[in-house]
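Breakdown of the fold
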Amino acid sequence: MWTVLRKELTELLRDRRTLIFMLLMPALVMPLLIGGFALLANYKAEQEAKRVLRYAVFGSEQAPELLRRIEATPRLERVGLGSPDEIRQAIKDERISFALVVPAGFEQQLQQGRAMALELHYNNAVSVDTVAQRMRTLSTQYGEDLRQRFMSGQGLGEETRRFLAQPVRLEVRSTANERERIGELVGAFLPYLLLMIGLSASMAAAIDMGAGEKERGTLESLLLLPLPRSHLVLAKFLAIALVGIVAAGVAVTSMGIWGMSLLKGNAAAGAALSQVIGGIGWREFALVALLILPANAIIAALLLTISLYARSYKEAGSYGSQLMILLIMPILLALLPNMRLDSGWAWVPITNIALAVKEIVKGTLQWSDMAIVLGSTGAVAGLLLTACTYFCRREEVLFRA
Amino acid sequence: MIEVSQLQKRFRLPRRKHKPSDDPREFDGYFHAVRDVSFQVAAGEVLGLLGPNGAGKTTTLRMLSTAIAPSQGRIQVDGVDLVADPLAARGRIGFLSGATGLYGRLTVAENIRYFGQAYGVPEAELAPRIAGLLERLDMLSYADRRVDALSAGMKQRAAIARTVIHAPRVLVLDEPTTGLDILGAEVVLDFMRDCLQQGVALVFSTHQLHEVEALCQRVCIINQGISRYQGSVAALREAGQGDLARGYLQQLEIVKPTPAAVDGEAAAVVALAGQEG
């Protein structure tokens, strides 16, 4: 078995495609893609915040104070519009970003202590709702000033005014430390990164070792070696799993190096991340590695099975893509709000790994859950490997016409 | 050395092909690729396996190599029952099919070494064996080149080397000269002669009757999964009134045993028979 494993690894290390997926992609391409996306998102958000919004007001004579406030707000530019009937078309044509329609007697009614409504017309089918953000800030401040003024006019003291403004104030004392808060974010993302990078690297290797060998005509000579089929399957399985683990390791190391260097300029974020990384000792690293092993074993066994079943490289690639979609689902489950590892989720393959990694990063892992995760994932990996060996003994699978 | 008796191999037909077919080998939901094949090959003897395309030669050889298991029948190789103990049998067999079975990203020497190690050749014996094969097959100049970069003839020599690195007592070759030029084919035939001198039992399939005449003492003719003839090359030639091709075609019932045909005609019929199936 070791002879076959050594040969598989030698071949893999000489395969440009495997090297790209195992080393280059996780070390450079993925961090660049993720970092580039984050930078682009940041740039777009900044651009949106700086954007000058053109607007129209109808009934402005009913709200002189409000109008003064709007005009004093930066990056807002008033334009003229014929009638309120033109608002929809003007927004559609992007001549204005929003329009305000002030009802009759607006400020007069407000001064008499009557609540009034302002109509804000705009297209809110956008990912960043700049209009609502800016107008909400403005109307909240305006409303607060009106309330304070009204209550002063009623001769109410400071304490009563504060009571009327907010009778009950909730003061939050979080029991979560910085590591838990940041860990909730980083920990949710980390398993996705580790498993998906491992999967894409393993896929290239697995397809080469199963369907690739069929296409090149080397599978038959391999099957004729005086070795039990279980040894052949195990050698290929170990090589595929190793590729996934190396790729995941390279990705984490690379992301860490890139992340730290990018955060050098941001003291607050750097300190928070340092706290998370500082909190993760060798024990936590070992635990994450321990979890990634059975997860990669599941992935490797599945990939090897479909690769041996496929008639050609192309067919195996197609099955691999479907498998990738299937595996993303349990990983995404772990990203749902308030998902945490408990004795129920600990039995669900892949999802349990993703949740356990998050708990480790947060520093809130329960050992009993970890035992279930390792046991159930190891059992699933073992079953899949047994199934793969069974397939490898079947002529209908190996020599499918 | 090799004993094959009443060998059968059937493959389940896809459901869409369960309807009645003109092919007599398709029935009961199976394609009966090999229906009744028997032959023996002694040590130091070479048996030529003849038959048109689709006759069942390759399926028979793949069963001999242990790549696929017989549905029925018995195969004994060097005293080992191949069905009962395929692992023990594999160490005694060298199999070369149409594909070279070589790993393109490994060098010639690495390929041979890998197969030697996988067949359990002791490390002390491996290096001299590899050196001997490289020299014997004239591969010293490209021993350290990756197989992907070699010509078809070079690959075939390397494939022969990896097939015999474990010194098998039985060699099973499926059309070993197909796709080779005259020089390449001659290297293979020379090597087969060498193996015979060392007492190896050799069975090979071919469409080339001149190879049969040059190498074989006996032939087995298979058609539609059944061995139609097993006997000496001389007897087959005699049946064809001095023409081996005619004798072969008579066994396939393509020509009737009538007075001697013109050589050219017989050769043309052989070519046609080779295109069948």
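Preceding this paragraph is the structure being described.
Residues numbered from 1 in each chain as written. Chains lettered and ligands numbered in written order. Predicted model: local features only at pLDDT ≥ 70, side-chain atom pairs only at ≥ 80, totals over all residues.

1. Regarding the overall build of chain B
Definition in use: Helix numbers and strand numbers start at the N terminus; a helix is a DSSP run of H or I with at least 4 residues, a strand a run of E with at least 2. Around each residue's C-beta, the other C-beta atoms within 10 Å are counted; 20 or more make the residue buried, 12 or fewer make it exposed, and counts in between make it partly exposed. All C-beta atoms are placed from the backbone. Residue pairs qualify as contacts under a 7 Å threshold applied to their C-beta atoms, which are placed from the backbone.
A tally of regular secondary structure across chain B gives ten helices and eleven strands. Looking at chain B as a whole, 45% of its 277 residues qualify as buried. Residue pairs at least 24 apart in sequence account for 65% of intrachain contacts in chain B once pairs closer than 6 positions are excluded.

2. Looking at the overall build of chain A
The criterion, for reference: The globule rule used for comparison is 2.2 Å times the number of residues to the exponent 0.38, while the radius of gyration itself is calculated over C-alpha atoms.
Counting secondary structure elements, chain A contains 17 helices and four strands. At 30 Å, chain A has a C-alpha radius of gyration far larger than the 21 Å of a compact globule built from 401 residues. Structurally, chain A occupies a C-alpha span of about 100 × 50 × 40 Å along its principal axes. Relative to its 401 residues, chain A shows a buried fraction of 34%. Considering only intrachain contacts with a sequence separation of at least 6, the fraction spanning at least 24 residues in chain A is 76%.

3. Quick look at the packing of helix α5 (residues 152–164) of chain B against helix α6 (residues 182–197) of chain B
Residue and element names in this part refer to chain B. The test is simple: Interaxial angle, 0 to 180 degrees, is taken between N-to-C directions of lines fitted to C-alpha atoms, where a helix line uses only the stretch in contact. When an angle is under 35 degrees it counts as roughly parallel; over 145 it counts as roughly antiparallel; between 65 and 115 it counts as roughly perpendicular; any other value is oblique. Left-handed describes a crossing in which the near helix is turned anticlockwise from the far one by less than a right angle; the clockwise case is right-handed. The nonpolar class holds Ala, Val, Leu, Ile, Met, Phe, Trp, Tyr, Cys and Pro. Asp, Glu, Lys and Arg form the charged class, and all remaining residues, Gly among them, are polar.
One can describe the packing of α5 onto α6 by two numbers: an axis separation of 9 Å at closest approach and a directional angle of 15°. Judged by the angle between their axes, α5 and α6 are roughly parallel. When the axes of α5 and α6 are compared, the crossing they make is right-handed. Residues Gly 153, Gln 156, Arg 157 and Ile 160 of α5 touch α6, and the partners they reach there are Leu 183, Gly 184, Val 187, Val 188 and Phe 191. In terms of residue class, the contact of α5 with α6 is made up of five nonpolar, three polar and one charged.

4. Structural notes on the nonpolar core
All names here are of chain A. Going by this rule: When buried Ala, Val, Leu, Ile, Met, Phe, Trp, Tyr and Cys residues are joined through C-beta atoms within 7 Å, the set is termed a nonpolar core.
Counting residues in each nonpolar core, the largest one holds 151 residues, and the members touching the most others are Ile 240, Ala 300, Ala 301 and Leu 304. With 16 residues, helix α13 (residues 282–309) is the single largest residue contributor to this core. Not counting residues up to four positions away in its chain, the partners in contact with Ile 240 are Ser 202, Ala 205, Ala 206, Met 209, Ala 300, Leu 303 and Leu 304.

5. Some remarks on the packing of helix α15 (residues 351–362) of chain A against helix α16 (residues 367–392) of chain A
Residues and elements named next belong to chain A. Closest axis-to-axis distance for the α15/α16 pair is 10 Å, and the angle between their directions is 145°. Considering only the axes of α15 and α16, their crossing is left-handed. Touching Asn 352, Ile 353 and Ala 356 of α15 are Asp 369, Met 370, Val 373, Ser 376 and Thr 377, all from α16. Across the contact of α15 with α16, the residue classes break down as four nonpolar, three polar and one charged.

6. Topic: the interface of chain B and chain A
How big an interface is tends to be stated in terms of accessible area lost as the parts join. The interface is formed by 22 residues belonging to chain B together with 20 residues belonging to chain A. Elements with a contribution of two residues or more to the side of chain B that touches chain A: α2 (86–90) and α3 (108–118) of chain B. The dominant element in the side of chain B that touches chain A, judged by the number of residues it contributes, is α3(B), at three residues. Taken together, the residues of the side of chain B that touches chain A break down into eleven nonpolar, nine polar and two charged.

7. Things to note about unusual backbone geometry
The backbone phi angle of A:Glu94 is positive, close to 60°, even though this residue is not glycine. Tracing the backbone shows A:Glu94 in the loop between α4 (87–92) and β3 (98–101). Of note, the phi angle at B:Asp28 is positive, near 55°, even though the residue is not glycine. Structurally, B:Asp28 is set in the loop between β2 (26–27) and β3 (30–41). Of the residues examined, B:Asp28 has 9 C-beta atoms within 10 Å and is grouped as exposed.

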